[in-house]
Amino acid sequence: MVDEQTVLATLQLNADVVIRLATDEDIPALEWGGEFWQLRTRFEQAFAEQQAGNRLILIAALNNYPVGRLIVQLAHGSPNYVNGASRAYLYSLHVMKPLRRQGIGTALIETAEALLIERGYRWATIAVAKDNAEALDLYQRLGYRIFREDPGRWSYTDPAGKEHLVDEPSWVLQKRLRRER
């Protein structure tokens, strides 16, 4: 807690955050000054998949700088999460810490859902680490319901070529976007 006597100035910010698809210029900026450096190759792969029509990378941009992201997998994955026709998988939702709880994550998810509905998808799935209660609350508030557990084991190779194994037990949630006709 900051003591009121140490506060030297206060200002109110009012800025627009734009939700848009990622461009190739955004990919290096997604590392957020090195915080996510290790995921550079994952971002590059996701962007290549976006260009191929199999993924979307949604960016929340403040002054054209990505302060939030959400990746949407449209095809090529576990059929429980994504099937390329009626079910898509949302993942890698992150908002810069100082900008959390401002509606950016909600806007990213709602934009993804609208794009999926336009493309004829009926279901969206998303996973959350079991120890991430804040994200779980957000997803449930937006209408997602837990339908399975996942061991959350995945791996990535960082730009230096080192393989990393991640063990992140997760809940998998789903939401019906629209009813079948």
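Preceding this paragraph is the structure being described.
Residues numbered from 1 in each chain as written. Predicted model: local features only at pLDDT ≥ 70, side-chain atom pairs only at ≥ 80, totals over all residues. Heavy atoms only, no water.

Draft legend 1. The arrangement of the layout of surface pockets in detail. In this structure, the largest pocket encloses a volume near 1500 Å³. What lines the largest pocket is a set of 49 residues, among which Tyr91, Ser92, Leu93, His94 and Ala127 lie closest to the centre. When contributions to the lining of the largest pocket are tallied by element, the ones reaching two or more residues are α2 (40–51), β3 (65–73), β4 (87–95), α3 (104–118), β5 (123–129), α4 (133–141) and β7 (153–157). Looking at the lining of the largest pocket element by element, the count peaks at seven residues for β4. Its residues assigned to classes, the lining of the largest pocket shows 23 nonpolar, 13 polar and 13 charged. (1 Å grid on protein atoms, 1.4 Å probe; cavity = no way out; pocket = protein on both sides within 12 Å on 5 of 7 lines; lining within 4 Å. Points joined across faces, edges and corners; volume = space filled by probe spheres on them. Helix = DSSP H or I, 4+ residues; strand = E, 2+ residues; numbered from the N terminus. Nonpolar A, V, L, I, M, F, W, Y, C, P; charged D, E, K, R; others polar.)

Draft legend 2. Quick peek at the pairing of β7. In this structure, β7 lies alongside strand β8 (residues 163–167), joined through five bridges in antiparallel fashion. When the bridges of β8 are listed, threonine 157 appears paired with glutamate 163. The turn joining β7 and β8, which pair antiparallel and follow one another in sequence, is formed by five residues; a positive phi near 90° is taken by glycine 161. (Pairing = 2+ DSSP bridges.)

Draft legend 3. Highlighting the sheet that holds strand β9 (residues 170–176). Taken together, the seven strands give an open sheet; going across it, the order is β1-β2-β3-β4-β5-β9-β6, and neighbouring strands pair in mixed fashion. Two strands bound the open sheet, and with one partner strand each, they are β1 (17–21) and β6 (145–150). On average, adjacent strands in this sheet sit at an angle of 25° to one another, irrespective of strand direction. Note: β6 against β9, five bridges, orientation antiparallel. Each bridged residue has a counterpart across the sheet, and for aspartate 150 the counterpart in β9 is serine 170. Helix-sheet contacts for α4 involve β4, β5, β6 and β9, and the interaxial angle to β5 is about 160°. (Axes fitted to C-alpha atoms, helices over the stretch in contact; angles between N-to-C directions. Contact = heavy atoms within 4.5 Å.)

Draft legend 4. Quick look at the environment of phenylalanine 36. In this structure, phenylalanine 36 sits in the loop between α1 (26–29) and α2. Once the C-alpha coordinates of phenylalanine 36 and lysine 130 are considered, the two residues, 94 residues apart in sequence, prove to be 21 Å apart. Other than its neighbours up to four places away in sequence, phenylalanine 36 contacts Leu30, Glu31, Phe43, Arg69 and His94.

Draft legend 5. Inspection of the side chain of glutamine 50 at higher detail. Tracing the sequence through the fold places glutamine 50 in helix α2. Within the structure, the side chain of glutamine 50 is placed 3.0 Å from the backbone oxygen of alanine 22, a separation counted as a polar contact. Setting aside residues up to four positions removed in sequence, glutamine 50 forms contacts with Leu21, Ala22, Arg55, Leu56 and Ile57. (Polar contact = N/O pair within 3.5 Å; in protein donor to acceptor, adjacent residues only side chain to side chain.)

Draft legend 6. Summary view of α4. Where α4 is concerned, the buried positions are Ala135, Leu136, Leu138 and Tyr139. Here the buried residues of α4 occupy an arc of 160° about the axis, which is enough to place them on one side. Here the buried face of α4 lies against β4, α3, β5, β6 and β9. The first or second residue beyond α4 is glycine 143, which carries a positive phi of 100°. (Buried < 20%, exposed > 50% of the residue type's maximum accessible area, 1.4 Å probe, protein only. Arc of directions from axis to C-beta.)

Draft legend 7. Inspection of the pattern of salt bridges at higher detail. This structure, assessed with the given rule, holds six salt bridges. We note a salt bridge from glutamate 134 to arginine 101, for which the minimum N-O separation is 3.2 Å. Taken together, the residues glutamate 134 in helix α4 and arginine 101 in the loop between β4 and α3 connect sequence positions 33 residues apart. With relative accessibility at 46%, the residue glutamate 134 sits in the partly exposed group. Residue lysine 175 pairs with glutamate 113 through a salt bridge whose shortest N-O separation is 3.1 Å. Taken as a pair, lysine 175 in strand β9 and glutamate 113 in helix α3 lie far apart in primary sequence, 62 residues in all. The burial state of lysine 175 is the same as that of glutamate 113; both residues are buried. (Salt bridge = Lys/Arg side-chain N within 4 Å of Asp/Glu carboxyl O.)

Function cannot be inferred from these measures alone, as they are strictly geometric.
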